[in-house]
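Remarks on the overall topology
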Amino acid sequence: MSDVGRSRAFYADIFDGRVVLEENPCIVKVANSWIIMNPGGGPTPDKPDIVLRPPEPSDTVSAFLNVRVADIAAFYSDARRKGAEFLTEPLDRKAEIRCYLRDPDGYLIEIGQATGMLEGVFADR
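The sections below set out a description of the structure shown in this document. (Residues numbered from 1 in each chain as written. Predicted model: local features only at pLDDT ≥ 70, side-chain atom pairs only at ≥ 80, totals over all residues. Heavy atoms only, no water.)

Buried residues dominate strand 6 (residues 96–102), accounting for five of its seven residues. The pairing of strand 5 (residues 91–92) with strand 6 spans two bridges and is antiparallel. When the sheet's bridge partners are listed, Leu91 is paired in strand 6 with Arg98. Turn length for the strand 5-strand 6 hairpin, with the two strands adjacent in sequence and antiparallel, is three residues, and the turn residue Lys94 shows positive phi of about 75 degrees. Bridge count between strand 6 and strand 7 (residues 108–114): seven bridges; the pairing is antiparallel. Residue pairing for strand 7: Leu101 is matched across the bridge by Ile109. Between strand 6 and strand 7, which pair antiparallel in sequence order, lie five residues; one of them, Gly106, sits at a positive phi of approximately 95 degrees. (Buried < 20%, exposed > 50% of the residue type's maximum accessible area, 1.4 Å probe, protein only. Helix = DSSP H or I, 4+ residues; strand = E, 2+ residues; numbered from the N terminus. Pairing = 2+ DSSP bridges.)

Next comes the structure, spelled out in structure tokens:
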């Protein structure tokens, strides 16, 4: 995270999270999960030769956060009202309805609601 305070505010606001720990690491409790944020940094004994940093602005990603909600229309409306910027509106893909947004550092977040997959209907490839 380039700015832990900004990211902490984003996750607490957009996901109605509760800040458990402000810094080092920052922990925001969202539903029954925790989002843990660090500003990055250099190698440590348990990850030698690894440097952590926010992604460069790009349309190429190697991983993303995947969040499932019970009512995607309500989440989308509430998050937009709070200032979240989505790549598209929620799209029905048969198995699920989903959309994507980015956090303040550019990390991609998928928001989805299971629909057809609950009855064995899956998205077209």
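Further remarks concern the layout of surface pockets. One water molecule sets the probe size; rolling that probe over the atoms shows where empty space is left. As a volume, the second largest pocket reaches approximately 290 Å³. Around the second largest pocket sit 15 residues that line it, and Phe15, Val30, Ala31, Val67 and Arg68 are the ones nearest its centre. Secondary structure elements with two or more residues in the lining of the second largest pocket: strand 3 (33–37), strand 4 (65–68) and helix 2 (72–81). Across the lining of the second largest pocket, the residue classes break down as nine nonpolar, three polar and three charged. (1 Å grid on protein atoms, 1.4 Å probe; cavity = no way out; pocket = protein on both sides within 12 Å on 5 of 7 lines; lining within 4 Å. Points joined across faces, edges and corners; volume = space filled by probe spheres on them. Nonpolar A, V, L, I, M, F, W, Y, C, P; charged D, E, K, R; others polar.)

Glancing now at the sheet that holds strand 7. Taking strand neighbours across the sheet as the criterion, the four strands line up as 4-7-6-5 in an open arrangement whose pairing is mixed. Across the chains shown, the open sheet's two edge strands, defined by having one partner strand only, are strand 4 and strand 5. One ladder, built from four bridges, connects strand 4 with strand 7; its direction is parallel. The partner of Asn66 across the bridge, within strand 7, is Glu110.

By size, the foremost hydrophobic cluster in this structure holds 24 residues, and its most contacted members are Tyr11, Phe15, Phe75, Phe86, Ile109 and Ile111. Taken together, the elements giving at least two residues each to this core come down to helix 1 (4–14), strand 2 (26–30), strand 3, helix 2, strand 6 and strand 7. Tallying contributions element by element places helix 1 first for this core, with five residues. Contact partners of Tyr11, with chain neighbours within four places excluded, come to Asp16, Gly17, Val28, Ile35, Met37, Leu65, Asp103 and Ile109. (Core = buried A, V, L, I, M, F, W, Y, C linked by side-chain atoms within 4.5 Å. Contact = heavy atoms within 4.5 Å.)

The next point concerns the side chain of Glu110. Relative to the helices and strands, Glu110 resides in strand 7. Classification of Glu110 by relative accessible area gives buried; the value is 3%. Those residues in contact with Glu110 that lie beyond four places of it in its chain are Phe64, Leu65, Asn66, Val67, Arg68, Glu96, Arg98, Cys99 and Tyr100.

For the bond from Asn24 to Pro25, the omega torsion is -5 degrees, close enough to zero to count as cis. One non-glycine residue with positive phi stands out, namely Asn24, at about 55 degrees. Residue class for Asn24 comes out exposed when judged on its relative accessible area of 66%.

Ring pairs (aromatic) are described by centroid distance and by the angle formed between their planes. Counting across every chain of the model gives six aromatic pairs. Here Phe10 and Tyr11 contribute two aromatic rings whose centre-to-centre distance is 5.0 Å and whose plane-to-plane angle is 85 degrees, an arrangement assigned as edge-to-face. As far as burial versus exposure is concerned, Phe10 and Tyr11 are alike and both buried. Centroid distance Tyr11 to Phe15: 5.8 Å. Interplanar angle 15 degrees. Geometry classified as stacked. On the basis of relative accessibility, which here comes to 5%, the residue Tyr11 falls in the buried class. Judged by relative accessible area, which is 9%, Phe15 ranks as buried. Ring pairing ties together the aromatic residues Phe10, Tyr11, Phe15 and Phe75, which thus form one cluster. (Phe/Tyr/Trp six-rings, centres within 6.5 Å; stacked < 30°, edge-to-face > 60°.)

Keep in mind that these numbers describe shape and distance, not what the molecule does.
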